[in-house]
Amino acid sequence: MARNSRKKQAIINVLRAASEPMTAQQILDKVTMKNAIKDARHISIILRGMTNVKKRLATAYSITNSYRVNTYYLDDEGAEV
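Residues numbered from 1 in each chain as written. Predicted model: local features only at pLDDT ≥ 70, side-chain atom pairs only at ≥ 80, totals over all residues. Heavy atoms only, no water.

> I'd like a description of the overall build of the protein, backed by residues and values.
Each helix and strand in the protein was counted, giving three helices and three strands. Starting at the N terminus, the α and β elements of the protein follow one another as α-β-α-α-β-β. Rg of the C-alpha trace for the protein: 13 Å, near the compact-globule value of 12 Å for 81 residues, within the 12% margin. For the protein, the spread of C-alpha atoms along the principal axes amounts to about 45 × 30 × 20 Å. Counting the 81 residues in the protein, one finds 38% classified as buried. Taking the intrachain contacts of the protein between residues at least 6 apart in sequence as the baseline, contacts between residues at least 24 apart amount to 45%. Split by element, the accessible area of the protein, about 5,700 Å² in all, is 46% carbon and sulfur. (Helix = DSSP H or I, 4+ residues; strand = E, 2+ residues; numbered from the N terminus. Rg over C-alpha atoms; globule rule 2.2 N^0.38 Å. Buried < 20%, exposed > 50% of the residue type's maximum accessible area, 1.4 Å probe, protein only. Contact = heavy atoms within 4.5 Å. Areas by Shrake-Rupley, 256 points an atom, 1.4 Å probe, with all protein chains shown as cover.)

Next up, the structure:
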C-alpha cells in the first residue's frame, strides 16, 4: 500500500463531491480522517505529489483586506492515487 493512500483517497472523495475548486481549509473541514490529517498545510503537502489534482491561485477576502490562496480541483480525467 502506498504511503498516505487512505488520506489521499479521503481528499479525492471530497474534491469529487465539490462542484468548484476548494482551498485546503475547506477540504479539511469536509474530510473524514480528521484524526490523521493535522491541518490545512498537511493537506497541501499531500496534494503536492498527486496526479490530476490541479492548483490555481484565487483571491480570498477578509473584512479589511484581500489575499491570495491556492485552490485545488480534479482534472477532467479524475485522480490517481
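> Outline the packing of helix α1 (residues 5-17) against helix α3 (residues 40-48), listing residues and values.
The geometry of α1 relative to α3 is characterised by a closest axis approach of 11 Å and an angle of 95° between their N-to-C directions. Comparing the axis directions of α1 and α3 gives the class roughly perpendicular. Residue-level contacts link K7, K8, I11 and L15 of α1 to H42, I43, I46 and L47 of α3. (Axes fitted to C-alpha atoms, helices over the stretch in contact; angles between N-to-C directions. Parallel < 35°, antiparallel > 145°, perpendicular 65-115°, else oblique.)

> Outline the pairing of strand β2 (residues 53-61), listing residues and values.
Two elements, β2 and strand β3 (residues 66-74), share nine bridges in a ladder whose sense is antiparallel. Looking at the pairing, T59 lines up with R68 of β3. Connecting the antiparallel pair β2 and β3 is a turn made up of four residues. (Pairing = 2+ DSSP bridges.)

> Pulling in residues and values, what's your account of the environment of S19?
Inspection of the secondary structure assignment puts S19 in the loop between α1 and β1 (22-23). Separated by 54 residues in sequence, S19 and Y73 place their C-alpha atoms 9.1 Å apart.

> Now, about the packing of aromatic side chains: what can you tell me, with residues and values included?
For the coordinates displayed, the defined rule picks out zero aromatic pairs. Here R56 stacks its cationic end above the ring of Y73, 5.2 Å away from the centre of that ring. (Phe/Tyr/Trp six-rings, centres within 6.5 Å; stacked < 30°, edge-to-face > 60°. Lys NZ or Arg CZ within 6 Å of the ring centre and 35° of its normal.)

> Outline the pairing of β3, supporting the account with residue identities and numerical values.
Pairing between β1 and β3: two bridges, direction antiparallel. Within β3, the residue paired with M22 across the bridge is Y72.

> Tell me about α3, and please be specific about residues and values.
Listed as buried for α3 are A40, H42, I43, S44, I46 and L47. Among the structural elements, α1, α2 (24-30), β2 and β3 are those in contact with the buried residues of α3.

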